[in-house]
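Working through the structure, step by step
The residues making up each chain are set out below.
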Amino acid sequence: MSYTIIVFVKQVPDTQNITGDAMKPDGTVNRAALPAIFNPEDLNALELGIQLKERYNAKLVVGTMGPPNASEVLRESLYRGADEAVLLTDRAFAGADTLATSYALSCCANKIGKFDLILCGRQAIDGDTAQVGPQLAEKLGLPQISYVEEVEELTKKKVRAKRAIEGGYEIVDCPVPALMTVVAANVPRPANAKNIMKFKKAMTRSELHKAHSDADYTDAEALVVEEAALKEKGLWIQELTAEDVGADIERIGLKGSPTKVKKIQSVVLTGADFKNIDPTEVGVNSLIHELIEDHTLG
Ligand SMILES: Cc1cc2nc3c(=O)[nH]c(=O)nc-3n(C[C@H](O)[C@H](O)[C@H](O)COP(=O)(O)OP(=O)(O)OC[C@H]3O[C@@H](n4cnc5c(N)ncnc54)[C@H](O)[C@@H]3O)c2cc1C
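Remember, it's a predicted structure, so these values are computed and weren't measured experimentally. (Residues numbered from 1 in each chain as written. Predicted model: local features only at pLDDT ≥ 70, side-chain atom pairs only at ≥ 80, totals over all residues. Heavy atoms only, no water.)

The subject of this paragraph is the side chain of N186. Note that N186 resides in the loop between β10 (178–182) and α5 (193–199). Looking at N186, its side chain comes within polar contact range of the side chain of N44, at 2.8 Å. Among residues more than four places away in sequence, those in contact with N186 are N44, E47, L48 and Q51. (Helix = DSSP H or I, 4+ residues; strand = E, 2+ residues; numbered from the N terminus. Polar contact = N/O pair within 3.5 Å; in protein donor to acceptor, adjacent residues only side chain to side chain. Contact = heavy atoms within 4.5 Å.)

The subject of this paragraph is helix α4 (residues 132–140). Of all the positions in α4, only G133, Q135, L136, A137 and L140 are classed as buried. Packing partners of the buried residues in α4 comprise β1 (3–8), α3 (98–112), β6 (117–121), β7 (144–154) and β10. The positive-phi residue at the C-terminal boundary of α4 is G141, with phi of around 65°. (Buried < 20%, exposed > 50% of the residue type's maximum accessible area, 1.4 Å probe, protein only.)

This paragraph deals with the packing of helix α6 (residues 205–214) against helix α7 (residues 220–232). Running from N to C, α6 and α7 point in directions that differ by 135°, and their axes come no closer than 11 Å. The angle between the axes of α6 and α7 places the two elements in the oblique class. Note on packing geometry: the crossing formed by α6 with α7 is right-handed. Contacts between α6 and α7 involve R205, L208, H209 and H212 on the former and, on the latter, A222, L223, E226, E227 and L230. (Axes fitted to C-alpha atoms, helices over the stretch in contact; angles between N-to-C directions. Parallel < 35°, antiparallel > 145°, perpendicular 65-115°, else oblique. Left-handed = near helix turned anticlockwise from the far one by under 90°.)

Not every one of the 28 residues close to the ligand is listed here, only the nearest: F8, D42, D97, A124 and T129. M65 has a polar backbone atom sitting 2.9 Å from a nitrogen atom of the ligand. When isolated, the ligand has an accessible area of 920 Å², and the protein chains bury 88% of it. At the level of secondary structure, the elements contributing two or more residues to the shell around the ligand comprise β4 (58–65), α3 and β6. At 3 residues, α3 tops the list of elements feeding residues into the shell around the ligand. Split into classes, the residues belonging to the shell around the ligand amount to 12 nonpolar, 10 polar and 6 charged. (Near = heavy atom within 4 Å. Areas by Shrake-Rupley, 256 points an atom, 1.4 Å probe, with all protein chains shown as cover. Nonpolar A, V, L, I, M, F, W, Y, C, P; charged D, E, K, R; others polar.)

The grouping of V284, I288, I292 and L297 at the surface amounts to a nonpolar patch, some 300 Å² of accessible area in total. As for its position among the elements, I288 is in helix α8 (residues 281–293). (Patch = residues over 30% accessible without salt bridge, like charges linked within 9 Å, V, L, I, M, F, W, Y side chains within 5 Å. Salt bridge = Lys/Arg side-chain N within 4 Å of Asp/Glu carboxyl O.)

Take the pairing of β4 next. Of all the 8 residues making up β4, 7 are buried; the element is thus mostly covered by neighbouring parts of the structure. Bridge analysis of β1 against β4 gives 6 bridges, and the strand direction is parallel. Bridging from a neighbouring strand, I5 pairs with L60 of β4. Direction of pairing for β4 relative to strand β5 (residues 84–88): parallel, over a ladder of 5 bridges. (Pairing = 2+ DSSP bridges.)

What follows concerns the environment of E41. The topology assignment puts E41 in helix α1 (residues 40–56). Residue class for E41 comes out buried when judged on its relative accessible area of 12%. Along the chain, E41 and T181 lie 140 residues apart, while their C-alpha atoms are 9.2 Å from each other. When near neighbours in sequence (up to four residues on either side) are disregarded, E41 contacts G121, R122, Q123, V182, V183 and A184. A polar atom in the side chain of E41 sits 3.0 Å from the side chain of R122.

The volume enclosed by the second largest pocket comes to roughly 340 Å³. In terms of lining, the second largest pocket is formed by 21 residues, of which the most central are D83, E84, A85, G234 and W236. Residue assignment for the lining of the second largest pocket shows that the elements contributing at least two residues are β4, β5 and α5. Looking at the lining of the second largest pocket residue by residue, the classes come out as 9 nonpolar, 5 polar and 7 charged. (1 Å grid on protein atoms, 1.4 Å probe; cavity = no way out; pocket = protein on both sides within 12 Å on 5 of 7 lines; lining within 4 Å. Points joined across faces, edges and corners; volume = space filled by probe spheres on them.)

I5, V7, L48, L117, V159 and M180 are the most contacted members of the largest nonpolar core, which has 45 residues in total. It is α1 that provides the largest number of residues to this core, a total of 7 residues. In terms of nonpolar packing, the next biggest core, distinct from the first, is built from 26 residues, M65, A137, A247 and I252 among them. (Core = buried A, V, L, I, M, F, W, Y, C linked by side-chain atoms within 4.5 Å.)

The subject of this paragraph is the environment of Y169. You can see Y169 is positioned in strand β9 (residues 168–175). As a C-alpha pair, Y169 and E149 span 20 residues in sequence and 8.8 Å in three-dimensional space. If we ignore the near neighbours within four places in the chain, the residues touching Y169 are K162, R163 and A164.

Here it is, written out as structure tokens:
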């Protein structure tokens, strides 16, 4: 019985290191100016995917929508245990809000083909909306389980998962194919040395062409031969444009995004002046009164 699991991961700006030129004048994130990292909860989604691959002999396909250098998170996923990688990249996707992102990812999932499960992280640390997973399920007409900690059972008919709820957890049965958003309840395994040796040569079409142009050697035939050789060895990162996935240009990128991010800035909490409060009922009551007054409480 073969299973196919898709994991969508995101390359995010390292929000611990936001600098002045983080935003472009058009309200989109200036990703080139910020160090890029693997979205933390997507490492947990990937880890769950690898565990299911080992338990159910599943094929694990990892996908991301991003600029050409987002291939880095795909290589990292291959190092940790993914089987195949797909990069959805096109200038037309730039500036997407969650509506446009989830639509683009739904086109990508349909292009990848038949699957049993889609795994997403609960939330990305830059937009912080936790909207893409549930929106993607809706666009694909899939049932979804959010806040998944672990999977108890997977068959061709259903998945049984443990999801976090306030003060505890619940066990949920859900028909498959389904989408799950994953929380940080497992320990992502590190990259595997053998996989690093194998997949460090994995590349996208753009990277292959760039390697050739850097080497001043752009023989079209040689490119085709090398592409075929990379595919043969499982080292080909599929690179898909908006056209390749049949995306409606009006529903992607800035054009397809009703939400515009006006401004982002880092909020640095600094200690202002302080006040001694008497440890008495009167002292505490006057403090609470003051906090309500300035809308810190209530
Ligand atoms: C500061 C800031 C505020 C923003 N506020 C909003 C807002 O209020 N509303 C809005 O619509 N957009 C907003 N955006 C834009 C939003 O970040 C992008 O649309 C983004 O692509 C998806 O939203 P998210 O980062 O919140 O992801 P989330 O919804 O938190 O991501 C959840 C999961 O979806 C998957 N995923 C998300 N993006 C991708 C991707 N590109 N490739 C593969 N998988 C992915 C990952 O598994 C991820 O863990 C904001 C962006 C910034 C930087």
